[in-house]
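If you want the building blocks of each chain, they are given just below.
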Amino acid sequence: MPHILAFDEGTTSARTVLYDETGQRLLMRSLPLTSVYPNPGWVEQDADEIWNAQIRSAMTVLAESGAAPMAIGITNQRETTVVWERKTGRPLAPAIVWQCRRTSDACRLLDGARITAKTGLVPDAYFSATKIQWILEHSPDARAMARDGEVLFGTVDSWLIWKLTNGAVHVTDRTNASRTMLMDLASSQWDEDLLGYFDIPRAMLPRIVGSSEVVGATAAEHLGREVPIAGIAGDQQAALAGQACFRPGLSKNTYGTGCFALMHTGDTVPVSKNKLLATAAAQGYAVEGSIFVAGAAVQWLRDKLGLLESSAESEVLARSVPDTGGVYIVPAFVGLGAPHWNADARGLITGLTLGSTRAHLVRATLEAIAFQTRELVDAMQADSGASLKELRVDGGAAQNDFLMQFQADMLGCRIVRPVDTETTALGAAYLAGLATGVWKDTAEVEQFWRADKVFEPEMDATHREELYAGWKKAVAKA
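The shown structure was predicted, so the numbers you read here are calculated from the model rather than taken from an experiment.

Asker: Hey, could you run me through the overall build of the protein in this one?
Answerer: Scanning the protein from terminus to terminus reveals 17 helices and 23 strands. Since a compact globule built from 478 residues should have a radius of gyration of about 23 Å, the 21 Å found for the protein is in line with a globular shape. Once the C-alpha set of the protein is aligned to its principal axes, its extents read approximately 60 × 55 × 45 Å. Per-residue burial over the protein gives 63% buried out of 478 residues. Sequence separation of at least 24 residues holds for 70% of the intrachain contacts in the protein that already meet a minimum separation of 6. Taken as a whole, the protein presents about 17,600 Å² of accessible surface, with 50% of it coming from carbon and sulfur.

Asker: For this particular structure, what's the right way to read the packing of aromatic side chains?
Answerer: Each aromatic ring pair is described using two quantities: the centre-to-centre distance and the angle formed by the ring planes. In total, this model carries 19 aromatic pairs according to the counting rule given. When the ring of Tyr-126 is compared with that of Phe-127, the centres are 4.7 Å apart and the planes differ by 35°; the resulting orientation is tilted. By the burial criterion, Tyr-126 is buried, and Phe-127 matches it. Aromatic ring contacts, followed pair by pair, group Trp-98, Tyr-126, Phe-127, Phe-260, Phe-292 and Trp-341 into a single cluster. Across the ring face of Phe-260, the terminal group of Arg-78 is positioned such that the distance to the ring centre comes to 5.4 Å. Lying over the aromatic face of Tyr-468, Arg-374 brings its terminal NZ or CZ to 4.0 Å of the ring centre.

Asker: I'm lost on the side chain of Glu-375 in this one. Help?
Answerer: Among the structural elements, Glu-375 can be located in helix α13 (residues 358–384). Using a relative accessible area of 5% as the deciding quantity, one classes Glu-375 as buried. Residue contacts for Glu-375: discarding those within four places in its chain leaves Pro-339, His-340, Tyr-468, Trp-471, Lys-472 and Val-475.

Asker: How do you make sense of the nonpolar core when you look at a structure like this?
Answerer: Core analysis: the largest hydrophobic core is formed by 113 residues, its most contacted members being Leu-182, Phe-198, Ile-200, Met-204 and Tyr-255. Looking at which element gives the most residues to this core, the answer is α13, with 13 residues. Other than its neighbours up to four places away in sequence, Leu-182 contacts Thr-119, Ala-129, Ile-132, Gln-189, Trp-190, Asp-191, Leu-194, Leu-195, Phe-198, Ile-200 and Leu-205. Counting 35 residues, the second largest nonpolar core, distinct from the first, contains Trp-51, Leu-164, Val-169 and Val-227.

Asker: What exactly am I supposed to notice about the confidence of the model for the protein here?
Answerer: Any segment with low pLDDT has predicted coordinates that should not be analysed in fine detail. For the protein, the mean per-residue pLDDT works out to 93, and 100% of the residues sit at or above 70. Element-level mean pLDDT values for the protein span from 88 in strand β16 (residues 259–266) up to 98 in strand β9 (residues 171–173).

Asker: I'm lost on the layout of surface pockets in this one. Help?
Answerer: One way to see where empty space is left: roll a probe the size of a water molecule over the atoms. Each pocket or cavity is described by its volume, and for the largest pocket that value is around 880 Å³. Taken together, 37 residues make up the lining of the largest pocket; nearest its centre are Tyr-255, Gly-256, Thr-257, Gly-395 and Gly-396. Mapped onto the lining of the largest pocket, the elements with two or more residues apiece are β2 (13–19), α10 (235–242), β15 (251–255), α11 (295–303), α12 (313–319) and α15 (423–435). It is α11 that contributes the most residues to the lining of the largest pocket, five residues altogether.

Asker: I would appreciate a short explanation of the sheet that holds strand β21 (residues 390–394) in the present structure.
Answerer: Strands belonging to one sheet form pairs held by backbone hydrogen bonds; the direction of such a pair is parallel or antiparallel. Taken together, the seven strands give an open sheet; going across it, the order is β17-β18-β16-β15-β21-β22-β23, and neighbouring strands pair in mixed fashion. The open sheet has two edge strands with one neighbour each: β17 (277–280) and β23 (451–455). Along the sheet, successive strands turn relative to each other by an average axial angle of 30°, direction set aside. Note that strand β22 (residues 414–418) and β23 share four bridges and pair antiparallel. Its bridge partner being in β23, Ile-415 is matched across the sheet by Phe-455.

Asker: Mind showing me how you'd approach the pairing of β2 here?
Answerer: Buried residues dominate β2, accounting for seven of its seven residues. Bridge count for strand β1 (residues 4–9) against β2 is six bridges, and the pairing is antiparallel. Residue pairing for β2: Asp-8 is matched across the bridge by Arg-15. Where β1 folds back onto β2 in an antiparallel hairpin, the turn is made up of three residues. Examined bridge by bridge, β2 and strand β3 (residues 25–32) share seven bridges and lie antiparallel to one another. Paired with Arg-15 across the two strands is Ser-30, which belongs to β3.

Asker: Any chance you could explain the packing of α13 against helix α14 (residues 401–411) here in plain terms?
Answerer: Taken N-terminus to C-terminus, the directions of α13 and α14 make an angle of 40°; their axes are 9 Å apart at the nearest point. In terms of their interaxial angle, α13 and α14 are classed as oblique. Judged by the twist between their axes, the crossing of α13 over α14 is right-handed. The residues of α14 that touch α13, namely those facing Arg-363, Leu-366, Glu-367, Ile-369, Ala-370, Phe-371, Thr-373, Arg-374 and Val-377, are Phe-402, Leu-403, Phe-406, Gln-407, Met-410 and Leu-411.

Asker: Mind showing me how you'd approach empty space enclosed by the protein here?
Answerer: Within this structure, the stated rule accounts for two cavities of 30 Å³ or more. Its boundaries defined by the atoms lining it, the largest cavity holds a volume of some 60 Å³. Taken together, Ile-291, Phe-292, Val-293, Pro-331, Gly-335, Leu-336, Gly-337, Ala-338, His-340, Gln-372 and Glu-375 make up the full set of residues lining the largest cavity. The residue inventory of the lining of the largest cavity, partitioned by class, reads six nonpolar, four polar and one charged. Taken as a whole, the second largest cavity encloses approximately 40 Å³ of empty space. What lines the second largest cavity is Gln-237, Leu-240, Ala-241, Cys-245, Phe-246, His-264, Ala-281, Ala-282 and Gln-283. Residue contributions to the lining of the second largest cavity peak at three residues, all from α10. Residues belonging to the lining of the second largest cavity are distributed by class as follows: six nonpolar, three polar and no charged.

Asker: Explanation requested: the pattern of salt bridges in the structure shown.
Answerer: Note on pairing: side chains with opposite charge can pair once their charged atoms come close. This model, assessed by the stated rule, comprises 34 salt bridges. Asp-401 is the salt-bridge partner of Lys-453, the closest N and O atoms lying 3.0 Å from each other. Placement of Lys-453 in strand β23 and of Asp-401 in helix α14 is noted, with a sequence separation of 52 residues between them. Each member of the salt-bridge network shares a partner with another, and the members are Arg-78, Glu-79, Arg-179, Asp-235 and Glu-288.

About the thresholds
Residues numbered from 1 in each chain as written. Predicted model: local features only at pLDDT ≥ 70, side-chain atom pairs only at ≥ 80, totals over all residues. Heavy atoms only, no water. Helix = DSSP H or I, 4+ residues; strand = E, 2+ residues; numbered from the N terminus. Rg over C-alpha atoms; globule rule 2.2 N^0.38 Å. Buried < 20%, exposed > 50% of the residue type's maximum accessible area, 1.4 Å probe, protein only. Contact = heavy atoms within 4.5 Å. Areas by Shrake-Rupley, 256 points an atom, 1.4 Å probe, with all protein chains shown as cover. Phe/Tyr/Trp six-rings, centres within 6.5 Å; stacked < 30°, edge-to-face > 60°. Lys NZ or Arg CZ within 6 Å of the ring centre and 35° of its normal. Core = buried A, V, L, I, M, F, W, Y, C linked by side-chain atoms within 4.5 Å. pLDDT = per-residue confidence, 0-100. 1 Å grid on protein atoms, 1.4 Å probe; cavity = no way out; pocket = protein on both sides within 12 Å on 5 of 7 lines; lining within 4 Å. Points joined across faces, edges and corners; volume = space filled by probe spheres on them. Pairing = 2+ DSSP bridges. Axes fitted to C-alpha atoms, helices over the stretch in contact; angles between N-to-C directions. Parallel < 35°, antiparallel > 145°, perpendicular 65-115°, else oblique. Left-handed = near helix turned anticlockwise from the far one by under 90°. Nonpolar A, V, L, I, M, F, W, Y, C, P; charged D, E, K, R; others polar. Salt bridge = Lys/Arg side-chain N within 4 Å of Asp/Glu carboxyl O.

See below:
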């Protein structure tokens, strides 16, 4: 039986998942990752820790399963920027994580129309280009070394592939490249005009490849034998594939550290009039709305405020009160993403009274995730001119039944949770399997998708709009 190994390198953990030929998850192992916050709004990680955690989790899966996978699919936290020496593999600086806002001031000076026209993105510190600039400007001799090809850039997919192949392969796929502010979206090639605009040497960039093709093989020393690397996609595009959203109009929302809603647009490059992003999908294109803080807000309640012993406890507490008592939480800890794109916004709690309890705060935090998603879906519907009938959901917080029901109530549409909510890893496996003949086409893959639970809207429309109006007022204050 053919097996596929998926590397799922996220913001909080590096996990490896083993799948069989029917897309069934057989085994998953995960190791946590550390984020460092050296200054307000800054977020960093250790690139070597990312590599070590990923390869250790992979070795554990292979040792416990005894499997000999025929291919590897890789998916990763997007935009996170690694710059390293070609000869030694030594990172020049800590990896700058996608959440990091250190380059916000530089982004205010950028030519937004020029960037959006070419890339489908808005100028923001979220994306990789200004992160690369920052590292080149703050690392001794980095810019000169980059021009000579002695320094390489990659998002985390590139970094892992370079390490897996002992420096033989330096590539990225078009989904990750489309998140750098450096790729022309229509041609899926690095844009020479933008490279000059940002003063980023072409010699340091990886080669752009497809999301489903064999790009090389792992060095035998890492996994015991050479294994083809055949699938690459940024985490949100991988989740779109894992949800079997290969056709125009199909959409998904991932409830992870952040929250990301994508709608497939087929071969048409989308143009948003409502501050959403155009991005490359593993096949074709998608329109995307990006929320910077979603599940991370629940972690904040647990780790920083001590209001929860576990994230799972949030559902019990939220259900213990009939509403939030008028409390709203806007989790703009690193600014607001789509559709606001306001780097200066900060977190806010409003509506507190002497009767407010931790249960009200917890419920307000979960409701905030649904309110933010409502903003994205409203923008998507405005762009497309069509009403959303169904939203497929995945990610850790999608297991929270209270949140999913409230989400259905806020959107007024059906929420569908699949049997396997680890769709990011599943999408990477699908892409690798399609490239190596495990599955003949996406139609075969679509047959594996199964719904676990459907949440239908139950809330009165008038009450829904009253709650949402309160959210909009809170956002304005933030």
